[in-house]
Amino acid sequence: MTGVLTLYRSSIGKKAAMAITGLLMVLFVFVHMIGNLKVYYGPGGTPEPMLDVYGRFLREMGYPILGHEQGLWIARLLLLGAVGLHVWSAIQLTERRWTGRDVKYVQQKTLQASWASRTMLRGGVIIGLFIIGHLLHLTLGYFVPNFKDGAVYLNVVSGLKGIAPWLYIFAMLPLGLHIYHGLWSFFQTLGWNSQRSTELLRGLALLVALLVVVGNVSVVLTAMMTTLPS
Amino acid sequence: MNLTLRVWRQKNAKDRGRIVEYKVHDVSPDMSFLEMLDVTNEQLIEKGEEPIAFDHDCREGICGMCGLVINGIPHGPESATTTCQLHMRNFSNGDTITIEPWRARAFPIIRDLIVDRTAFDRIIRVDGKAGGFVSISTGGVPDANAIPIPKDDADLAMDAAACVGCGACVAACPNASAMLFVAAKVGHLGLLPQGQTERHNRVLRMVSQMDKEGFGGCTNMGECAAACPKEISLDFIARMNCDMIKASFVKG
């Protein structure tokens, strides 16, 4: 246990914390994207839309060992902890970064660093704001006309109208970039990257980032263009 | 060649410093960048002005003393090259060249283009405890081949040992992180059998000292390796991360 503290005290340890919590979040986002694809089943289904069935599964998972929504809350707390540690480590590392160079260069060129790697902080802040907005919107039901708990499909389709879907689509750009650099960085930071495997790992990060972005954007566009029979 | 130089002039660590423009004439394309600065200084002295202070020693690219940020790139536009090995043929007649010192809180400016890099020395030394060296009891000279070392490991250790400690990695890093330097020093000893005894303590102490010196953290952008005159790979940073994680758990 003291090993964890020794490690976390160092800048490398804080990076390792960011890597592990980041991976947890990437896994969540990927599964979330796959869940979103159930929008394609449409409003039909018996007796309710497939998206609602999936929603119920999330609330009831772990039954009978876990009660109603218990599994869901375990996942939520785990994710909240991951977000908290990720943000806290990021703040500490950013503070080091901002004080590391007190006088700026008159002229500084970027040699090869990717756009994704240079926008991790800005992108992370945008993603954080998006998550808060997304929870208020489709979990708590703000700005969703006729929001009804459990009627996931109807909420999604009626919520993603007007400017909302465009905000969702806009947020996918920093998310994709963050995953692309973050997932590769996970391997580098934990010491599992080398010249032999770096192309493969960058490819994996790109693939995951693209799947998440394309999957989510397509779902948002589908919901946006779906009109409900009134 | 005639050039316009925009040089950072700063009297001492407390001075604010500023960019001063100089015209320099009669520069040969065969001169090294430092020889061009020598010519500039001669012309400044003739005019009765204070010459530009810059660091240099071997001028063969192996000592790590010279280091200037030239047009926004540490050691200038040529890759895998120190400032002293950069030649003026990389520039054209009439060019304007901006010359700045390394910029990092851990590298305070002594004067003009000279920075104090003793932070690196402190990382190597760490109060005489296991730092960037191995402790060896003196005695009889051991046989040259007494300790077998796999060729791949020896080669890799040599790649890391090529680090001359110039500090270009810190200068190039947008976070002013010293990870590539420390990783090279941790890596070359960690790969060899002689370095195993102090391996865990070494990485713990060197990383702790690196953090104390006020260098920024690594965000895996790779600018350090791109600027490194000895082409030290990011792989060594991954290797050090791995060592650091292991050492933390072994030593607590």
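Being a predicted model, the structure only gives us computed values, none of them experimental.

Engineer: An account of the overall build of chain A is requested, with residue identities and associated values reported.
Structural biologist: Secondary structure assignment for chain A yields 9 helices and 0 strands. Secondary structure of chain A in N-to-C order comes out as α-α-α-α-α-α-α-α-α. Sequence-distant contacts, at least 24 apart, represent 68% of the contacts inside chain A between residues at least 6 apart. Of the roughly 13,300 Å² of accessible surface on chain A, a fraction of 72% belongs to carbon and sulfur atoms. Separation of charge centres in chain A, based on 18 positive and 8 negative side chains, amounts to 13 Å.

Engineer: Which residues make up the sheet that holds strand 2 (residues 18–24) of chain B, and what values go with them?
Structural biologist: Residue and element names in this part refer to chain B. Ordered in space as 2-1-5-3-4, the 5 strands form an open sheet in which the pairing is mixed. Bordering the open sheet on either side are strand 2 and strand 4 (73–74), each of which pairs with just one other strand. Bridging between strand 3 (residues 69–70) and strand 5 (residues 96–100) involves 2 bridges; their strand directions are antiparallel. Looking at strand 5, one finds that Val69 is bridged to Glu100.

Engineer: Tell me about the interface of chain A and chain B, residues and numbers included.
Structural biologist: Between chain A and chain B, the residue contacts involve 39 residues of the former and 51 residues of the latter. Surface buried jointly by chain A and chain B totals about 3,800 Å² across both partners, of which 54% is contributed by carbon and sulfur atoms. Connecting chain A to chain B are 1 salt bridge. Between chain A and chain B we count 32 residue pairs in polar contact (both at pLDDT 80 or more) in total. Contributing elements (two or more residues each) for the side of chain A that touches chain B: helix 1 (2–9), helix 2 (11–36), helix 4 (70–100), helix 5 (115–118) and helix 8 (164–189) of chain A. Residues that form the side of chain A that touches chain B fall into these classes: 11 nonpolar, 20 polar and 8 charged.

Engineer: Could you give me a rundown of the domain arrangement of chain B, with the residues and numbers involved?
Structural biologist: Residue and element names in this part refer to chain B. Assigned domains within chain B: domain 1 (3–111) and domain 2 (117–251). Relative placement of domain 1 and domain 2: their C-alpha centres are 29 Å apart. In this assembly, 19 residues from domain 1 lie in contact with 20 residues from domain 2. Note on domain 1 versus domain 2: buried area summed over both sides is about 1,400 Å², and carbon and sulfur give 64% of it. Among the residues domain 1 hides against domain 2, the three largest losses belong to Ala80, Ala106 and Phe107. Together they make up 35% of the total. Linking domain 1 to domain 2 there are 0 salt bridges. At the boundary of domain 1 with domain 2, the tally comes to 4 residue pairs in polar contact (both at pLDDT 80 or more). For the side of domain 1 that touches domain 2, the residue count by class is 11 nonpolar, 5 polar and 3 charged.

Engineer: Any details on helix 1 of chain A? Residues and values, ideally.
Structural biologist: All names here are of chain A. Those residues of helix 1 not exposed but buried are Gly3, Thr6 and Leu7. Relative to the axis of helix 1, the buried residues are bounded by an arc of 95 degrees and lie together on one face. With respect to the buried face of helix 1, the exposed residues turned more than 90 degrees away are Thr2 and Arg9.

How each quantity is defined
Residues numbered from 1 in each chain as written. Chains lettered and ligands numbered in written order. Predicted model: local features only at pLDDT ≥ 70, side-chain atom pairs only at ≥ 80, totals over all residues. Heavy atoms only, no water. Helix = DSSP H or I, 4+ residues; strand = E, 2+ residues; numbered from the N terminus. Contact = heavy atoms within 4.5 Å. Areas by Shrake-Rupley, 256 points an atom, 1.4 Å probe, with all protein chains shown as cover. Lys, Arg positive; Asp, Glu negative; His and termini not counted. Charge placed at Lys NZ, Arg CZ, Asp CG, Glu CD. Pairing = 2+ DSSP bridges. Buried area = accessible area lost by both parts, 1.4 Å probe. Salt bridge = Lys/Arg side-chain N within 4 Å of Asp/Glu carboxyl O. Polar contact = N/O pair within 3.5 Å; in protein donor to acceptor, adjacent residues only side chain to side chain. Nonpolar A, V, L, I, M, F, W, Y, C, P; charged D, E, K, R; others polar. Domains from an automatic or database assignment. Buried < 20%, exposed > 50% of the residue type's maximum accessible area, 1.4 Å probe, protein only. Arc of directions from axis to C-beta.

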